[in-house]
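The lines below spell out each chain.
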Amino acid sequence: MSQPEQRTSEFYGPNRIYGLSDINHILAGAVTDASGSELVQSETRQPIVYLSQARQAFLRRAASLGQRPVLVSDGLSALTEPTCQALRYHRGGWAVRGGGGQLRNGLTGRRIERSADALNLEPVEDIDDLALDYLRPTQADYAQIMVNVSVRHPAGPVPRPGEPVEILSAILTGQAPAAFGRYEPVLTPWDISEIIWMADRDYERGLARSIFFVAGSGGATGVAGATGVAGATGVASSLVLSLDRTPNQTREQINGLITLGRLGDPALGSRLALADRALTALAQSFDVTFALLSARPGNADLTQSPVMPNAPVPLNILLGRDLVSGLRADAPSLLSRFHGATAHRGSGLLIPLDTGRDCTTRLPHLLQQVGFARARPHMGISPAQLKAVHYAARF
């Protein structure tokens, strides 16, 4: 095992918000990255790698050139949830230099020979292909909810984009979202009317897709979270809200993390039980085409270090009517087998999942029964959500 990496805290404080000189440094990196015919890479030594304006410019620049971006860091950097999602959206990778100089894929843990190899995001099947540093224990003393939700709206302007986020936040955390923004750190106070104006302006300019980052407030420990507002109280969240508008409909997606509190808190069990209530409320209010809520231990910052994350435990899933009909699923059989399952907008299904290892009503059993391998995006589930389902079912 290589020696653990160290970095002085004088410059790399854990709650630091970067100043103009730091932003200029990232911009310079985005311009002078090592380029090739297929990839462009950028190096960072930030302890928390935000999806700043400069980093977004780097990712978009790579896409405009037909190249794939690679972020290169040492093992002490951690990515925010929006940065992770943006890398995957732009078909990018994360190359990490370990303490012994060995390179690894920060997202999958695979040992690699060069930074370009980090573009391979296929899951590692053989443990011998994993870098030892990837198996290093990480701090995980908070319970996190992993959120994957898709909502369909009729054609035309969406009356209240972001309302599904408000419902999730209100039920799971007891508070409204604290802030939103187009880049990180997220500092603009939450305001749905502002989101409506910005999304409508995007569409008028010919942009069919609008993306916003949504943050909850910091926890009781005073931690602001990856995108939170320092000094606030409550429970942290880091979510990506996207609106994709076509002439026929608008699809609203929410993906990210919500912290429920510290592991060992006596009230944690009752908070986890709120996942069923949250999805039920969404299903009663919107045309939800797909939703999956899972739980896992993680850190208070809601960031991803280049080590193996804890396995998710799927709590409940919602299959919209297009998924049920597209998969030709036997709805009456599923309602009978999965205790607590309910119908959703006709042929859709809202299904609580058992979490015990020996139970036969867990996510893998459901996916096998409905033939989920045949699911496709036109059934109301995004490619990223398809991957999230298959990832959650591996454990």
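Check the entry above for the structure.
Residues numbered from 1 in each chain as written. Predicted model: local features only at pLDDT ≥ 70, side-chain atom pairs only at ≥ 80, totals over all residues. Heavy atoms only, no water.

Chemist: Please give an account of the pattern of salt bridges that cites residues and values.
Modeler: In this structure the tally under the stated criterion is 15 salt bridges. Arg152 is the partner of Asp287 in a salt bridge, and the nearest nitrogen-oxygen pair spans 3.0 Å. Remark: Arg152 occurs in strand β8 (residues 142-154) and Asp287 occurs in strand β14 (residues 287-298); sequence separation between them is 135 residues. For the pair shown, Asp287 and Arg152 are each scored as buried. The salt bridge partner of Asp287 is Arg321, with a shortest N-O separation of 3.3 Å. With Asp287 in strand β14 and Arg321 in helix α8 (residues 321-326), this residue pair connects regions lying 34 residues apart in the sequence. Relative accessible area serves as the criterion here: at 33%, Arg321 is assigned to the partly exposed category. (Salt bridge = Lys/Arg side-chain N within 4 Å of Asp/Glu carboxyl O. Helix = DSSP H or I, 4+ residues; strand = E, 2+ residues; numbered from the N terminus. Buried < 20%, exposed > 50% of the residue type's maximum accessible area, 1.4 Å probe, protein only.)

Chemist: Can you explain the packing of helix α4 (residues 163-173) against helix α7 (residues 274-285)? Please cite residues and give values.
Modeler: Helix-helix packing: each pair is described by the crossing angle between the helix axes and the interaxial distance. With their axes 9 Å apart at the nearest point, α4 and α7 run at an angle of 150 degrees to one another. Classified by the interaxial angle, the pair formed by α4 and α7 is roughly antiparallel. As for how α4 packs across α7, the hand of that crossing is right-handed. Contacts between α4 and α7 pair Pro164, Ile167, Leu168, Ile171 and Leu172 from the former with Leu274, Ala275, Arg277, Ala278, Ala281, Leu282 and Ser285 from the latter. (Axes fitted to C-alpha atoms, helices over the stretch in contact; angles between N-to-C directions. Parallel < 35°, antiparallel > 145°, perpendicular 65-115°, else oblique. Left-handed = near helix turned anticlockwise from the far one by under 90°. Contact = heavy atoms within 4.5 Å.)

Chemist: Hey, could you go over the side chain of Ser210 for me, with residue numbers and the actual values?
Modeler: By secondary structure assignment, the location of Ser210 is in strand β11 (residues 209-215). Given the relative accessible area of 2%, Ser210 is considered buried. Here Asp202 takes part through its side chain, which lies 2.7 Å from a polar atom of the side chain of Ser210. When residues no more than four places from it in sequence are discounted, the contact partners of Ser210 are Arg182, Ala199, Asp202, Leu241, Ser242 and Leu243. (Polar contact = N/O pair within 3.5 Å; in protein donor to acceptor, adjacent residues only side chain to side chain.)

Chemist: So what's going on with the sheet that holds strand β4 (residues 78-80)? Which residues, and what values?
Modeler: Reading across the sheet, the 3 strands line up as β2-β4-β15 and stay open at both edges, with mixed pairing between neighbours. Strands at the two margins of the open sheet, each flanked by one partner only, are β2 (48-49) and β15 (303-304). In terms of strand pairing, β4 meets β15 through 2 bridges, oriented antiparallel. Counted as the bridge partner of Thr80 is Thr303 from β15. The sheet strands contacting helix α3 (residues 81-89) are β2, β4 and β15, and the helix crosses β4 at an angle near 85 degrees. (Pairing = 2+ DSSP bridges.)

Chemist: Please set out the sheet that holds strand β5 (residues 93-97) residue by residue, giving values where relevant.
Modeler: Strand order in the open sheet made by the 5 strands is β1-β3-β5-β6-β7, with mixed pairing throughout. Each end of this open sheet is capped by a strand with a single partner; those strands are β1 (39-43) and β7 (111-112). Of the pairings in the sheet, the one linking strand β3 (residues 68-74) to β5 comprises 5 bridges and is parallel in character. Residue pairing in the sheet places Val70 in a bridge with Gly93 of β5.

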